[in-house]
Amino acid sequence: MSPTPTLARRFWEAIEPVHAVAYFAPEPAEAARALGLIGWWMGYFAGRLAPLGPVRAPEASALCFAFAPARVARALPDAWAYTTPEKVLDSRLGAVETALSRVLPPVGTRHLEQLTELLETAVEGCGHEGRALAAAWSGVPRPDGLLGRLWLASTVLREHRGDGHVIAVAHAGLTGLEAGLTHAATGNVPRELLQSTRGWTDAQWETARRRLVAKGLLDRDSRLTRSGGTLRRDLEHATDRLAADPVTRLGAAGVEEAIRLATPLARHLVDRGVIPVPNPIGAPRP
């Protein structure tokens with residue numbers, strides 16, 4: 001099952017790989033280790049949540065509820081015993097700038113300036129009601145460097161969309177784990193990839209699977225039923241609808257221009273293996 005390619009979805013697909021360099025390029029992980037953070041996941045959660053301050057595990061789990069709480073709790077708040085959110089944020093911004101300068105194709109400064117200006121305009125249109133991650137990242141001062149600005153704008157936009165997805169999933173009455181099972185059931189992301197990266201045990205996965213079977217959303221072979229397929233489509237439609245703020249701010253022509261400028265960057269990152277497809281984010285090659 002593939003979601004309908006709405007303008008909001010195509011916009012996300014085009015810019016997500018730029019943001020995702022923070023997860024798949026080595027520089028951000030190396031920067032986290034240099035600060036004393038232990039293990040890749042401590043760097044991930046500290047880096048993603050740093051603009052919120054020294055957040056604890058319960059709040060972090062609520063914001064990142066696709067992840068098993070135990071995985072989150074192994075990283076936070078212990079990360080703040082080794083360093084501060086401010087140092088993590090500064091280090092991460094520097095690392096992604098370095099990574100992007102290495103992995104982006106040579107499209108020219110004007111190309112990147114135009115894309116960055118469009119994304120920053122889109123960010124201005126984002127409402128933050130119920131969207132803690134997007135609000136926190138929108139408060140990060142704009143970096144001086146062009147690549148830092150590009151990454152920050154793409155990050156605010158994807159967290160705005162991601163917060164909206166959390167709202168949609170919660171409104172549908174699903175847990176983060178149950179949403180993951182329905183995602184895996186679409187065939188777009190392998191179960192093994194989702195389960196291993198999100199930290200769920202086999203027992204937790206099986207318990208959630210049985211709940212979804214009892215609800216009539218999965219069949220006994222873990223495939224989406226008709227009701228499950230409808231629910232999944234409704235979730236994706238709601239996520240797109242809740243991501244409409246930046247689209248409205250830019251207008252259709254502005255979004256299409258941003259997609260035109262971002263797509264060669266995204267395809268280069270995927271084709272060079274910087275961003276793997278499939279990936280646990282669910283982002284395709286645009």
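On a predicted model such as this, the values are computed, not experimentally measured, just so you know. (Residues numbered from 1 in each chain as written. Predicted model: local features only at pLDDT ≥ 70, side-chain atom pairs only at ≥ 80, totals over all residues. Heavy atoms only, no water.)

As for the overall build of the chain
Tallying secondary structure elements over the chain gives 14 helices and 0 strands in all. Ordered by position in the sequence, the α and β elements of the chain form the string α-α-α-α-α-α-α-α-α-α-α-α-α-α. Over its C-alpha atoms, taken along the principal directions, the chain stretches across nearly 55 × 45 × 35 Å. At a minimum sequence separation of 6, the contacts of the chain that also span at least 24 residues come to 77%. Accessible surface computed for the chain: about 12,400 Å², of which carbon and sulfur atoms make up 54%. Treating the 33 positive side-chain charges of the chain as one cloud and the 30 negative ones as another, the clouds have centres 5 Å apart. (Helix = DSSP H or I, 4+ residues; strand = E, 2+ residues; numbered from the N terminus. Contact = heavy atoms within 4.5 Å. Areas by Shrake-Rupley, 256 points an atom, 1.4 Å probe, with all protein chains shown as cover. Lys, Arg positive; Asp, Glu negative; His and termini not counted. Charge placed at Lys NZ, Arg CZ, Asp CG, Glu CD.)

Focus: the environment of Ile-15
Following the sequence through the fold, Ile-15 ends up in helix α1 (residues 7-24). Classification of Ile-15 as buried rests on a relative accessible area of 4%. Along the primary structure Ile-15 and Ala-258 are separated by 243 residues, whereas in three dimensions their C-alpha atoms are 8.7 Å apart. Non-local contacts of Ile-15, meaning those with residues more than four positions away in its chain, are made with Leu-119, Ser-154, Leu-157 and Ala-262. (Buried < 20%, exposed > 50% of the residue type's maximum accessible area, 1.4 Å probe, protein only.)

Regarding the packing of helix α10 (residues 176-185) against helix α12 (residues 202-214)
Orientation of α10 relative to α12, taken along the N-to-C sense of each, is 80°, at an axis distance of 9 Å. Regarding the angle of α10 to α12, the classification is roughly perpendicular. Packed against α10, whose contacting residues are Leu-177, Glu-178, Gly-180, Leu-181, Thr-182 and Ala-184, the element α12 presents Gln-204, Trp-205, Ala-208, Arg-209, Arg-211 and Leu-212 at the interface. Residues that form the contact of α10 with α12 fall into these classes: 6 nonpolar, 3 polar and 3 charged. (Axes fitted to C-alpha atoms, helices over the stretch in contact; angles between N-to-C directions. Parallel < 35°, antiparallel > 145°, perpendicular 65-115°, else oblique. Nonpolar A, V, L, I, M, F, W, Y, C, P; charged D, E, K, R; others polar.)

Focus on the packing of helix α6 (residues 85-103) against helix α9 (residues 146-171)
Interaxial distance between α6 and α9 falls to 9 Å at its minimum, and their mutual angle equals 110°. When the axes of α6 and α9 are compared, the pair comes out roughly perpendicular. For the pair α6 and α9, contact is made by Arg-92, Leu-93, Val-96, Glu-97, Leu-100 and Ser-101 and by Leu-147, Gly-148 and Trp-151, respectively.

Let's talk about helix α13 (residues 226-242)
Between its first and last C-alpha atoms α13 spans 24 Å; for 17 residues at 1.5 Å apiece the expected length is 24 Å, and the two agree. Gly-228, Gly-229, Leu-231, Arg-232, Leu-235, Glu-236, Ala-238, Thr-239, Asp-240 and Leu-242 are the residues of α13 that are buried. In this structure, the buried side of α13 is in contact with α1, α9, α10 and α14 (244-271). (Expected span 1.5 Å × (residues − 1).)

With respect to α12
With 13 residues, α12 extends 18 Å between its outermost C-alpha atoms, agreeing within 8% with the 18 Å of an ideal straight helix rising 1.5 Å per residue. Every buried residue belonging to α12 is among Trp-205, Ala-208, Arg-209, Leu-212 and Val-213, and all of these are buried. Looking straight down α12, one finds its buried side chains confined to an arc of 145°; they lie on one side. Facing away from the buried side of α12 by more than 90 degrees, the exposed set consists of Ala-203, Arg-210 and Ala-214. At its buried positions, α12 is contacted by α10 and α11 (191-198). Remark: Gly-216 follows α12 within two positions and exhibits a positive phi of approximately 80°. (Arc of directions from axis to C-beta.)

As for the environment of Arg-74
Relative to the helices and strands, Arg-74 is located in the loop between α5 (69-73) and α6. In this structure the C-alpha to C-alpha distance between Arg-74 and Phe-45, which are 29 residues apart in sequence, comes to 9.9 Å.

A few points about the nonpolar core
Nonpolar side chains tend to gather and get buried jointly when the protein is soluble and globular. By size, the foremost hydrophobic cluster in this structure holds 66 residues, and its most contacted members are Phe-11, Val-21, Leu-76 and Leu-119. Broken down by element, this core gets its largest block of residues, 10 residues, from α14. Setting aside chain neighbours within four positions, we find Val-21 in contact with Pro-28, Ala-99, Leu-100, Val-103, Leu-269, Val-274 and Ile-275. (Core = buried A, V, L, I, M, F, W, Y, C linked by side-chain atoms within 4.5 Å.)

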